[in-house]
Amino acid sequence: MACEFMDIIIAIIYIVLFIIMMVFVFSIGMIRHYMPKKELALVLVVAFLIGAIGGAFFLEPIYEELPSVMSTVEKNVPGNEETLYLDLSSSINMNELKDTLSKTEGFVSFKETAITIPLWKLNDKEVEYFNYVLGNIDSHFKHYNVTKDGKLQIELEENYSSYDALKSFSDWYKLVYGGSISYAQVHAELVVSSSSVEPFQQILLDYGVVPSKMDGPVQNSINNTNSSMLPNYQFVLITGVVGVIVAVLGIYYDSFGVFS
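Scope of this entry: the structure provided in the associated data block. Predicted model, so just to flag it, every value in this text is computed and none were measured.

### Quick word on the pairing of strand 5 (residues 185-193)
Across nine bridges, the pairing between strand 1 (residues 81-89) and strand 5 is antiparallel. Across the sheet, the residue bridging to Asp87 is His187, located in strand 5. Pairing analysis gives eight bridges linking strand 2 (residues 107-118) to strand 5, with the strands arranged antiparallel. Looking across to strand 5, one finds that Glu112 is bridged to Ala188.

### Describing the packing of helix 5 (residues 124-137) against helix 6 (residues 162-177)
Where helix 5 contacts helix 6, the two axes come as close as 11 Å, and the packing angle between them is 120 degrees. On the basis of their axis angle, the class for helix 5 and helix 6 is oblique. Judged by the twist between their axes, the crossing of helix 5 over helix 6 is right-handed. Between helix 5 and helix 6, the residues in contact are Tyr129, Phe130, Val133, Leu134 and Ile137 and Ser168, Phe169, Trp172, Val176 and Tyr177, respectively. When grouped by side-chain class, the residues that make up the contact of helix 5 with helix 6 number nine nonpolar, one polar and no charged.

### Some words on the pattern of salt bridges
Tallied over the entire structure, the rule returns five salt bridges. Its salt-bridge partner being Lys167, residue Asp171 comes within 3.1 Å of it at the nearest N-O pair. Of this pair, Asp171 and Lys167 both sit in helix 6, four residues apart, which is roughly one turn of that helix. Judged by its relative accessible area of 42%, Asp171 falls in the partly exposed class. The residue Asp215 makes a salt bridge to Lys213 at a minimum N-O spacing of 3.6 Å. Judged by relative accessible area, which is 27%, Asp215 ranks as partly exposed. Residue Lys213 is classed as partly exposed on the basis of its relative accessible area of 45%.

### Some words on the packing of aromatic side chains
Applying the stated criterion to the full structure yields 12 aromatic pairs. Consider the rings of Trp120 and Phe130, whose centres lie 6.2 Å apart with planes at 65 degrees: the pair is edge-to-face. With Trp120 in the loop between strand 2 and helix 5 and Phe130 in helix 5, this pair connects stretches of sequence that are 10 residues apart. For Phe130, a relative accessible area of 1% gives the class buried. An aromatic cluster of three or more residues is present, and its members are Trp120, Tyr129, Phe130, Phe169, Trp172, Tyr173 and Tyr177.

### Quick look at the pairing of strand 2
Judged from the five bridges that link them, strand 2 and strand 4 (residues 151-155) form a sheet pairing that is antiparallel. By the bridge assignment, Ala114 is partnered in strand 4 with Glu155.

### A few points about helix 4 (residues 94-102)
Along helix 4, the residues classified as buried are Met94, Leu97 and Leu101. Buried residues along helix 4 cover an arc of 60 degrees about the axis, so they all sit on one side. Check the buried side of helix 4 and you find it contacts strand 1, strand 2, helix 6, strand 5 and helix 7 (197-206). Between the side-chain oxygen of the N-cap and the backbone nitrogen of Asn95 there are 3.4 Å, and the N-cap of helix 4 in question is Asn93.

### Examining the packing of helix 2 (residues 40-64) against helix 9 (residues 232-251)
Where helix 2 meets helix 9, the axes come as close as 6 Å, and the angle between the chain directions of the two elements is 135 degrees. What the angle tells us is that helix 2 and helix 9 run oblique. As for the relative orientation of helix 2 and helix 9, their crossing is right-handed in sense. Residue composition of the contact of helix 2 with helix 9, grouped by class: 17 nonpolar, six polar and two charged.

### Looking at the environment of Gly79
Positionally, Gly79 belongs in the loop between helix 3 (66-75) and strand 1. You can call Gly79 exposed: its relative accessible area is 68%. For the pair Gly79 and Ala56, spaced 23 residues apart in sequence, the C-alpha to C-alpha distance is 38 Å.

Rules and cut-offs
Residues numbered from 1 in each chain as written. Predicted model: local features only at pLDDT ≥ 70, side-chain atom pairs only at ≥ 80, totals over all residues. Heavy atoms only, no water. Pairing = 2+ DSSP bridges. Helix = DSSP H or I, 4+ residues; strand = E, 2+ residues; numbered from the N terminus. Axes fitted to C-alpha atoms, helices over the stretch in contact; angles between N-to-C directions. Parallel < 35°, antiparallel > 145°, perpendicular 65-115°, else oblique. Left-handed = near helix turned anticlockwise from the far one by under 90°. Contact = heavy atoms within 4.5 Å. Nonpolar A, V, L, I, M, F, W, Y, C, P; charged D, E, K, R; others polar. Salt bridge = Lys/Arg side-chain N within 4 Å of Asp/Glu carboxyl O. Buried < 20%, exposed > 50% of the residue type's maximum accessible area, 1.4 Å probe, protein only. Phe/Tyr/Trp six-rings, centres within 6.5 Å; stacked < 30°, edge-to-face > 60°. Arc of directions from axis to C-beta. Polar contact = N/O pair within 3.5 Å; in protein donor to acceptor, adjacent residues only side chain to side chain.

Below you can see the structure in the form of structure tokens.
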């Protein structure tokens, strides 16, 4: 909370400093009447440079934080949830991870959805063979996919763990090929309250896991804001144009009747 308060104070200071720069630009425009007419272009160039520099130093840092600011609203809406898609190593103690996550405030659900077992590059016959045999290895293997680069992805049924699926395949593989399969990538979905994403990300990081993808109101807000934002250089150019407009207002303030 203290950090967010300081960010707000700093943002206000930056905005005030930019406004002061614009007041200075306006003043330059006002004294244009005491300069030769040929100096008009110089006044506008200086105004553009001041506006651009002020935008780059004071407004651009605030502009870059806009997605974060917009997402804060979604974080505080009751009932909003985020889904974190995880790719985990089968060597992780899954029961321990589940227990740690479930005890954290904001936890909604954790579900293992599939496993990917890496083999070797397969030829067409081997792909056909594994597509045929996988359904007979385990009655729970109802949805699966085999690719030529040697990846077997098996979707997990409800209440059927990645450990059971890997053990079942490994037992068959040892019987047929005489080797052992001890590793698989486990795919899981973690659903948490939108206001509690950060603690869960830290827990996952402690296990060496970074979510491959995140869906939900907060992430959607960030994505939508990012997609609608201008590149930084365009934003700086616009602040430069603002400086020029302010200078023009200063130059022609009498005509606009600002002080009348």
